[in-house]
Amino acid sequence: MKIQLSKKLLAALMTLTFSVVSANTLFADDMKENHRENAKARFEHMAKELNLTEQQKKDLKPMMKKHGKERMEAMKALHEKHNKELATVLNDEQMEKLKEMRKEKMKHMMQNREEGDED
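Residues numbered from 1 in each chain as written. Predicted model: local features only at pLDDT ≥ 70, side-chain atom pairs only at ≥ 80, totals over all residues. Heavy atoms only, no water.

### So, the overall build of the protein
In terms of helices and strands, the protein carries four helices and zero strands. Each helix and strand of the protein, placed in order from N terminus to C terminus, yields the pattern α-α-α-α. Within the protein, the proportion of its 119 residues that are buried is 20%. Partitioning the intrachain contacts of the protein with sequence separation of at least 6 by distance along the chain shows that 62% fall at a separation of at least 24. When the accessible surface of the protein is summed, it comes to about 9800 Å², and 56% of that surface belongs to carbon and sulfur atoms. (Helix = DSSP H or I, 4+ residues; strand = E, 2+ residues; numbered from the N terminus. Buried < 20%, exposed > 50% of the residue type's maximum accessible area, 1.4 Å probe, protein only. Contact = heavy atoms within 4.5 Å. Areas by Shrake-Rupley, 256 points an atom, 1.4 Å probe, with all protein chains shown as cover.)

Okay, structure coming up:
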């Protein structure tokens, strides 16, 4: 009984933790477009706050793009590692259910984001 409860608790905690990580792999097109828009806005804000020259902006853009790509690759690798670890504990049916739970969570997150944009 105690072992079963521990496994269930572990699975629930892992689901919660990894659903956040998995958010980056779902709804890729919408996420990428939103990310591009947000990244551009953040860059413009930074440029304004730091009073960057046009040359500095020109020099920083490829650097920032490279850093963003490296960050996304690292997150993807981490997500894949976590999925492999989960698969050592969860059976195929549970892994499939976890995928569905993640999709549903991402769907709700996107809906909440869109509703927030309308305000």
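### Observations regarding the confidence of the model for the protein
Detailed reading of the predicted model is not advised wherever pLDDT is low. Overall, the prediction assigns the protein a mean pLDDT of 81, with 73% of residues at 70 or greater. Within the protein, helix α3 (residues 54–87) carries the highest mean pLDDT (93), whereas helix α1 (residues 2–22) carries the lowest (63). (pLDDT = per-residue confidence, 0-100.)

### Looking at the pattern of salt bridges
One pass over the structure, following the stated rule, counts four salt bridges. Note that Lys57 is salt-bridged to Glu54, the shortest N-O span being 3.2 Å. With a gap of three residues between them, Lys57 and Glu54 both fall in helix α3, about one helical turn apart. Between Glu100 and Lys103 there is a salt bridge, with its nearest N and O atoms 3.8 Å apart. Of this pair, Glu100 and Lys103 are both found in helix α4 (residues 92–117), three residues apart, which corresponds to roughly one turn of the helix. Its relative accessible area of 40% is what places Lys103 among the partly exposed residues. (Salt bridge = Lys/Arg side-chain N within 4 Å of Asp/Glu carboxyl O.)

### Considerations on unusual backbone geometry
The residue Asn51 is not glycine, and still its phi comes out positive at about 55 degrees. Within the fold, Asn51 resides in the loop between α2 (28–50) and α3. Taking the relative accessible area as the measure of exposure, Asn51 reaches 63% and is therefore exposed.

### A closer look at α3
Its 34 residues give α3 an end-to-end C-alpha distance of 49 Å, which sits within 8% of 50 Å, the value for a rise of 1.5 Å per residue. Maximal helix bending in α3 amounts to about 30 degrees, located at Leu60; proline Pro62 follows within four positions. Residues of α3 that are buried: Lys57, Gly68, His79, His82, Asn83 and Leu86. (Expected span 1.5 Å × (residues − 1). Bend = angle between axes of the 7 residues up to and from the residue.)

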